[in-house]
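Chains, contacts and geometry: an overview
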Amino acid sequence: MAKISYDGQSFSLDGRRLWLVSGAMHYPRIPRGLWRDRIRAAKQAGLNCIETYGFWNAHEKKTGQFDFTDNLDVRHFVELIADEGMYCIVRPGPYVCAEWDNGGLPVWLHRVKPDRRSGPMRLREGNGPFLSAASRYLSEFIGQLKDLQITSPVGKGKPPLTPTTNAPGRAAGGFVGQGGGPIVMVQVENEWFCQNPEQESLYHQQLIRLLREAGVDVPLNVCNQLWQEVDGTIHSWNASDNLTTNLRQLTAVQPGAPRLVSEYWTGWFDQWGTEHADKVGAHKHFARMVGILAAGAQYNLYMFHGGTNFGFTGGRTVGGPDSFMTTSYDYDAPLLEAGGRGEKYDATKRVSTFASQFGTLLAHLEPARQPAVVDPDQADRPLSVVHLVGSRGGVVFVLKSPKDRTRHTTLLLPNGLSLPVPLGDEPTTWLPLDARLSNGVTLDYSNLSPLAFVDDRLLVVVGPAGSEGVLSIDGLHVDVKVPGGKTPAVEQIDQMTLLVLNSAMADASYATLDGWVVGCDGLDTENQPRPRKGWPTQFRIALDGTVMKVKTQVTRKPTAPKFGSWSVADTHPYLDGSTASYKPIKGPMSFEKLGNDEGYGWVHLELPKASGATPKVLSPGSGDRLHVYRDGKFDQLLGHSIGGNRMAPASLRVGGKMTLLIDNLGRFNYGQRVGEQKGLLAPFYAVKPVKLPAPKRTGQPSPDPFTLRGYVQHQRHGDVRAAEGLSWTVKPAKRKPMILELDGLPVNAVLKVNGQPVDIWHHHDSAGFQRFLLDPADDGPFTGGQNAVELALFEPLPTGVDVLKTVALYQTTSDLTAKAKWSFSPWRLPDAEEFTDASFTAKNKPSDQPTWYRTTFSVASTRCPLFAFPKGMSKGQLFLNGRNLGRYFIQTRQKKTVPPQTHYYLPEPWLNVEGDNELLFFDEHGFPPTQAKLVYNEHGPYQS
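Residues numbered from 1 in each chain as written. Predicted model: local features only at pLDDT ≥ 70, side-chain atom pairs only at ≥ 80, totals over all residues. Heavy atoms only, no water.

1. What to know about the overall build of the protein
Our working rule: Secondary structure elements are taken from DSSP: a helix is a run of H or I of four residues or more, a strand is a run of E of two residues or more, and numbering for both begins at the N terminus. Within these notes, the globule rule equals 2.2 Å times the number of residues to the 0.38 power, and the radius of gyration is based on C-alpha atoms. We call two residues in contact when some of their heavy atoms are within 4.5 Å. A 1.4 Å probe and the Shrake-Rupley method give the accessible areas. Residues count as covered only by the protein chains that appear here.
Across its full length, the protein carries twelve helices and 55 strands. For 944 residues, the compact-globule estimate of 2.2 N^0.38 gives 30 Å, and the protein sits close to it at 30 Å. Dimensions of the protein, computed from the C-alpha atoms along their principal axes, are close to 95 × 70 × 60 Å. In the protein, the share of contacts with a sequence separation of at least 24, taken over all contacts with a separation of at least 6, comes to 73%. Per element, the accessible surface of the protein, about 35400 Å² overall, is 49% carbon and sulfur.

2. Here's the deal with the sheet that holds strand 19 (residues 449-454)
To keep it simple, the criterion reads: Strands were regarded as paired on the criterion that DSSP finds at least two bridges between them. Axis lines are fitted to C-alpha atoms, over the contacting stretch for helices. Their N-to-C directions set the angle, which ranges from 0 to 180 degrees.
Sheet architecture is open: four strands sit in the order 19-20-24-23, paired in mixed fashion. Either end of the sheet is taken by a strand with one partner, and the two such strands are strand 19 and strand 23 (489-493). Taken over all neighbouring pairs, the strand axes of this sheet differ in orientation by 20° on average, direction set aside. Note that strand 23 and strand 24 (residues 496-502) share five bridges and pair antiparallel. Residue pairing across strands places Val490 opposite Leu499, the latter belonging to strand 24. Where helix 8 (residues 343-357) meets the sheet, its contacts fall on strand 19 and strand 20 (458-463), and the angle it forms with strand 19 comes to roughly 55°.

3. Some points on the packing of helix 3 (residues 74-83) against helix 4 (residues 128-145)
Angle between the axes and distance between the axes are the two parameters that describe a pair of packed helices. Definition in use: Here is the rule for handedness: rotate from the far helix to the near one, and if that takes an anticlockwise turn smaller than a right angle the crossing is left-handed, while a clockwise turn gives right-handed. Gly falls in the polar group here, along with every residue not listed as nonpolar (Ala, Val, Leu, Ile, Met, Phe, Trp, Tyr, Cys, Pro) or charged (Asp, Glu, Lys, Arg).
Two elements in contact, helix 3 and helix 4, have axes separated by 8 Å at closest approach and are oriented at 35°. Relative to helix 4, helix 3 is oriented so that their crossing is right-handed. Contact residues: helix 3 offers Val74, Arg75 and Val78, while helix 4 offers Phe141, Gln144 and Leu145. Residues belonging to the contact of helix 3 with helix 4 are distributed by class as follows: four nonpolar, one polar and one charged.

4. What about helix 8?
So the rule is basically this: One less than the residue count of a helix, multiplied by 1.5 Å, gives the span that helix is expected to have. Only protein chains enter the area calculation, which uses a 1.4 Å probe; residues under 20% of their type maximum are buried, those over 50% are exposed, and those in between are partly exposed.
Here helix 8 contains 15 residues, and its C-alpha end-to-end distance of 21 Å stays within 8% of the 21 Å for a straight helix at 1.5 Å per residue. Among the 15 residues in helix 8, 13 count as buried, and that is most of the element.

5. Overview of the pairing of strand 11 (residues 260-265)
Remember that side chains alternate between the two faces of the sheet whenever the strand is regular. The condition is simple: By the criterion used throughout, a crossover qualifies as right-handed when its path from the first strand across the helix to the second strand runs clockwise, the strands pointing away from the viewer.
Of all six residues in strand 11, six are buried; the element is thus mostly enclosed. Where strand 10 (residues 237-239) and strand 11 come together, three bridges link them in parallel fashion. If you follow Asn238 over to strand 11, its bridge partner there is Glu263. Where the polypeptide runs from strand 10 across helix 6 (residues 243-253) and back to strand 11, its parallel neighbour, the crossover connection is right-handed. One ladder, built from four bridges, connects strand 11 with strand 12 (residues 298-302); its direction is parallel. Counted as the bridge partner of Val261 is Tyr299 from strand 12. Read as a crossover between parallel neighbours, the route from strand 11 over helix 7 (residues 282-294) to strand 12 is right-handed.

6. Observations regarding the layout of surface pockets
Under the convention used in this document: Throughout, the protein atoms alone are placed on a 1 Å grid, and a set of points is a cavity if a 1.4 Å probe fits but cannot get out or a pocket if it is open with protein on both sides within 12 Å along at least five of seven lines; lining residues have an atom within 4 Å of a point. Grid points are joined across faces, edges and corners, and a volume is the space filled by probe spheres set on the points.
Computed from the structure, the second largest pocket encloses a volume of approximately 1400 Å³. In this structure, the second largest pocket is lined by 36 residues; those nearest its centre are Asp521, Arg530, Arg863, Pro865 and Glu938. Top contributing element to the lining of the second largest pocket by residue count: helix 1 (residues 35-44), with six residues. For the lining of the second largest pocket, the residue count by class is twelve nonpolar, nine polar and 15 charged.

7. Focus on the packing of aromatic side chains
Put simply, the test is: Only Phe, Tyr and Trp rings are paired, with Trp represented by its six-membered ring, and only when their centres lie within 6.5 Å; those with planes under 30 degrees apart are stacked, over 60 edge-to-face, the remainder tilted. The rule for a charge over a ring is simple: NZ of Lys or CZ of Arg within 6 Å of the ring centre, and within 35 degrees of the ring normal.
In total, this model carries 48 aromatic pairs according to the counting rule given. Consider the rings of Tyr6 and Phe11, whose centres lie 6.1 Å apart with planes at 70°: the pair is edge-to-face. Under the relative-accessibility criterion, Phe11 is labelled buried at 1%. Look at Tyr574 and Tyr582: their rings are 6.3 Å apart centre to centre, the planes differ by 65°, and that puts the pair in the edge-to-face class. Just as Tyr574 is buried, Tyr582 falls in that class too. One Lys or Arg, Arg124, reaches over the ring of Tyr95 and ends 3.6 Å from the middle of that ring. The side chain of Arg716 reaches across the aromatic face of Trp227, ending 4.2 Å from its centre.

8. Quick look at the environment of Val74
Locating Val74 in the fold gives a position in helix 3. Here Val74 falls in the buried class, since its relative accessible area comes to 1%. Separated by 21 residues in sequence, Val74 and Tyr53 place their C-alpha atoms 9.7 Å apart. Not counting residues within four places of it along the chain, the set of residues in contact with Val74 comprises Tyr27, Phe68, Phe141, Gln144 and Leu145.

9. What to know about the sheet that holds strand 18 (residues 442-446)
The strand order across the open sheet formed by six strands is 13-14-17-18-21-22, and the pairing between neighbours is antiparallel. Each of the sheet's edge strands pairs with one partner strand only, and the pair in question is strand 13 (384-390) and strand 22 (476-481). Adjacent strand axes in the sheet meet at a mean angle of 20°, parallel and antiparallel pairs treated alike. Where strand 13 meets strand 14 (residues 393-399), seven bridges bridge the pair, whose relative direction is antiparallel. In the strand pairing of strand 14, Ser384 is matched with Leu399.

10. Things to note about the side chain of Ser823
By the element assignment, Ser823 lies in strand 47 (residues 821-826). Apart from the residues within four sequence positions on either side, Ser823 is in contact with Tyr582, Lys583, Pro584, Ile585, Trp602, Val603 and His604.

11. Let's talk about unusual backbone geometry
Along the chain, Gly93 connects to Pro94 via a cis peptide bond; the corresponding omega equals 15°. Within the secondary structure, Pro94 sits in the loop between strand 6 (87-91) and helix 4. Phi angles above zero are rare outside glycine, and Arg124 is one such case at about 60°. In this fold, Arg124 is placed in the loop between strand 6 and helix 4.

12. Observations concerning the pattern of salt bridges
Short version of the rule: Counted as salt bridges are all cases of a side-chain nitrogen of Lys or Arg within 4 Å of a carboxyl oxygen of Asp or Glu.
On inspection of all chains with the given rule, the structure shows 44 salt bridges. For Asp597, the salt bridge goes to Arg111, with nearest N and O atoms at 3.0 Å. Of the two residues, Asp597 is situated in the loop between helix 12 (591-594) and strand 33 (600-606) and Arg111 in the loop between strand 6 and helix 4; the sequence distance between them amounts to 486 residues. Its relative accessible area of 18% is what places Asp597 among the buried residues. With a closest N to O distance of 3.1 Å, Arg316 and Glu676 form a salt bridge. Separated by 360 residues along the polypeptide, Arg316 in the loop between strand 12 and helix 8 and Glu676 in the loop between strand 37 (657-663) and strand 38 (685-690) bring together distant segments of the chain. Like Arg316, the residue Glu676 is buried in the burial classification.

13. Thoughts on the environment of Arg828
Structurally, Arg828 is set in the loop between strand 47 and strand 48 (836-838). Judged by relative accessible area, Arg828 falls into the partly exposed class, the value being 36%. When the C-alpha atoms of Arg828 and Arg630 are compared, they prove to be 21 Å apart, with 198 residues separating the residues in sequence. Excluding anything up to four places from it in sequence, Arg828 contacts Tyr574, Glu834 and Trp852.

14. Observations concerning the pairing of strand 5 (residues 49-53)
Most of strand 5 is tucked away: five of the five residues are buried. By the alternation rule, side chains of strand 5 split into Cys49, Glu51 and Tyr53 and Ile50 and Thr52, which are all buried. For the handedness criterion, the β-α-β arrangement of strand 4 (residues 21-24), helix 1 and strand 5 is classed as right-handed. Inspection of the sheet shows strand 5 paired to strand 6 by five bridges, in the parallel sense. Within strand 6, the position partnered with Tyr53 by the bridge is Arg91.

Honestly, it's all geometry; don't read function into it.
Structure (structure tokens):
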């Protein structure tokens, strides 16, 4: 049983300082059969810790029914982390964001009955129904892991978890079997970007109580950017840039806790309809990681490996009405979706190997001694030099600005020695001063960056090719030349071996069981160096300096398999309403109320035949994509996603037999609208625009949004400032509902009706577009008479904003579906007998109806990642051997290309090497698979 504590420098484990070098990967986004491979890739990249979320809505899909099997076996995932000699950080939620559907919150929360004392369910606050449900989940989730904490005793008959092998490349300071398991920290909630002191006790402290009662006794952290003080936790930071500045401020705020970047964003997620997010290149990534270390901070890379949004797990985020996650969660992370390693992985490996191998040095640096420096977060600046010192020596970080082309500088050391420093093309370098190495040897100074100190015998340093290296070890001056080309330099210094590498060699090198290897692309499952493209010779350096050359050759990529014959299943029984799976419903209902918690759903209506002029139509709140069919034939695509229409055009006629295929593209995972509902939320209303006059504008204090919610994103309790109100007087015609639409209003506001707050408009987190139904028949304050409708703004409108271009009002004239007979059917896979043989040629045209396509293929091996390329198809769902791989979106019905994802990963553990593999496509518009194919490629889903 171990004891873990912390202070302003670092964590301590049984008195030994611990420096965490962590990377995030999410077990449900990685096939179980690849967990060990991905964990080993992290270890080979120098990490000594893995961080993961817990996904409530994956583990408890139905109330009270928990699933911790197969891809959800979080216990096994953590045991593998321990088995590979690494630590673990767990972030169980209950809310996690993660670009995951509903931020990880189960949608059945909408079906929980109100509590007498606390009222209806309110998410992410101290609300009785929510805390009761969260308590059950946290108890079950932590119950899977509580004996895997570093502080847990071994227990009766339970041996300590210990790495099963002398894991090559095991990051220094990794888990070696102390206590019950590798978990060293647990996070409370996630990104609670709000300041409401009342909720600190009502919500956060209650979550802490629930976690402690469930058995958590390791340190707890929060990552809310200091919005909300949470006593008893470590504050951490989430960001991609300006980290050196923010982390120094974090030190000032909490001097008694280590500085942690709980999410350093290595890349960014992708959304349908945008270009691939590759805004953090390897060069910038390298510099930012070093900048974190220069602030005396530990990091967690979010993401180290993103994985895949299998099934319907991808969420929706803020920033626009079409911000839905792609199936790939590649994240432009160091380890790519299919396990490929590129330049960003190499950059990660170089910095992280240093950070973990020299973790003892970094963990003893004194955070209070932060010298004044040139701000390294300035984009255009001279060199910034940061010198940190501690009880085991110091480190000098030399940081270049992005535009700086300095290739050489000179440091004046405290003892008066001038140290020439070669920088070359690197954005930064780190240089030790009086650094005590683990075997008692002191590295007095070095103008080359130390990379690793293996087994207290092999010191690895790196610098620009061709530069002159200068080191002093225990007072012994050493001059070395950094080699060019691909042959490393090896020097013997007493009983120690010095290995000198240039940058390219460092990127192509790894620690092994008995030393170091240069010219490889990682280690295979047998811990043997793999060949690397462009490196025909591997140099294997033993601890005693012996060098062995090994000729290697990269295996050629295999020929991709071909599809076999095709069969097809149509959806006519759903389109014409004849299938027996339709069951009557009372009217428009959300998917949540129908128990249709993910994916598609079918709604069938039978109405009197439409007649007369076709009105404009709205169904407020409905989405994301409503495929409308009349008498079995396609009519319109409604909704606010790509290819849909927010307002149905005049050609839509509501009447006769109508079928809706409703597509849930993912719920908000972030922002004020987490917890949104999907499906058909309201009737189809005939509407006519109401011409609004210029609003009455009144100067007034900003409103108090906490009268509506305990959590209001980016708002501080009591933060009253000069603002204004925009108000109109409206009267509904014949007591019929009205619809208020906000589109691009650039200021946050509280919507008030007759002086009573009814809802919140958050211009960024509302995706820039939202409709509010004002119905006199509801219990709310809107009446059939004169109503004061006000937008109480949080600040004055910016100059030049035309309010009437951002606010619209519609009067409903009739409920076009009032006389309809409604029925609903879940969406499902067809049975085998529903498929019929099909042959396709290049002349096959789209059927304009949702269609299933089935084929088979065979593979001889799974050594290279395989992708499906649904070229020429539209949008739909992809299944491999019965597993839902996720959504695909290639082009709209109008054949407009939808970037960025083109290829879809077929994970190796889910492929059959012996026997056929079945691939199913559900194409929403019936685009045939005449151009679809399979492609081998390890470097990701973004190909032409």
